[in-house]
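The primary structure of each chain is shown beneath.
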Amino acid sequence: MAPKTDNIMSLRAVRQLRRVRTFYAAGVLLWTAAAAWTGWTHPGSRQMWVSLLLLTVFTGLLGTASLWLRRLQAATGNRPAHHAAPRQAVTPRHANA
């Protein structure tokens, strides 16, 4: 059985990777729009190439974060975490019982 700290660390890593993946996806969308706009208005300019470079960087980061997240979820067994799961129901004990 794995120690509880390993499970907590992996849950934190999953949450952080989800946030980072969202950030990288937003970056991909931003740089896609910037590259398309710059390519339309100034084709072949330095700004267009920088936008394409940053689009490539953010796409690579998004792919890497998604791969790590998939591997980490497979390692934890794809079980959702129940941080505040109720304990087993305790039946009240009466004095007359």
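Everything here concerns the structure above.
Residues numbered from 1 in each chain as written. Predicted model: local features only at pLDDT ≥ 70, side-chain atom pairs only at ≥ 80, totals over all residues. Heavy atoms only, no water.

Chemist: Explain the overall build of the chain to me, please; I cannot follow it from the model alone.
Modeler: The helix and strand inventory of the chain stands at 2 helices and 0 strands. Taken over 97 residues, the chain has a buried fraction of 16%. Considering only contacts in the chain between residues 6 or more positions apart, those separated by 24 or more positions represent 70%. Surface summary for the chain: the accessible area is close to 8300 Å², and the carbon and sulfur share equals 63%. (Helix = DSSP H or I, 4+ residues; strand = E, 2+ residues; numbered from the N terminus. Buried < 20%, exposed > 50% of the residue type's maximum accessible area, 1.4 Å probe, protein only. Contact = heavy atoms within 4.5 Å. Areas by Shrake-Rupley, 256 points an atom, 1.4 Å probe, with all protein chains shown as cover.)

Chemist: I'm lost on the nonpolar core in this one. Help?
Modeler: Generally speaking, a soluble globular protein has its nonpolar side chains buried in company with each other. Val-14, Leu-17, Tyr-24, Val-28, Leu-55, Phe-58, Ala-65 and Leu-69 form the largest nonpolar core, which has 8 residues in total. Contributing elements (two or more residues each) for this core: α1 (4-41) and α2 (46-76). Once residues within four sequence positions are removed from consideration, Val-28 is found in contact with Leu-55, Phe-58, Thr-59 and Leu-62. (Core = buried A, V, L, I, M, F, W, Y, C linked by side-chain atoms within 4.5 Å.)

Chemist: When you look at the environment of Thr-32 in this model, what are you seeing that I'm missing?
Modeler: Mapped onto the secondary structure, Thr-32 falls in helix α1. For Thr-32 and Thr-56, which are 24 residues apart along the polypeptide, the C-alpha to C-alpha distance reads 9.4 Å.

Chemist: When you look at the environment of Trp-37 in this model, what are you seeing that I'm missing?
Modeler: With respect to the helices, strands and loops of the structure, Trp-37 is situated in helix α1. Sequence separation between Trp-37 and Met-48 is 11 residues, and the spatial gap between their C-alpha atoms is 8.5 Å.

Chemist: Mind showing me how you'd approach the packing of aromatic side chains here?
Modeler: Any aromatic ring pair is given by two values, namely how distant the centres are and how the planes are angled relative to each other. Scanning the entire structure with this criterion turns up 3 aromatic pairs. With a centroid separation of 6.3 Å and 55° between ring planes, the pair formed by Phe-23 and Phe-58 is classed as tilted. With Phe-23 in helix α1 and Phe-58 in helix α2, this residue pair connects regions lying 35 residues apart in the sequence. The structure contains a cluster of three or more aromatic residues connected by ring pairs, namely Phe-23, Tyr-24 and Phe-58. (Phe/Tyr/Trp six-rings, centres within 6.5 Å; stacked < 30°, edge-to-face > 60°.)

Geometric descriptors of this kind do not, in isolation, establish any biological role.
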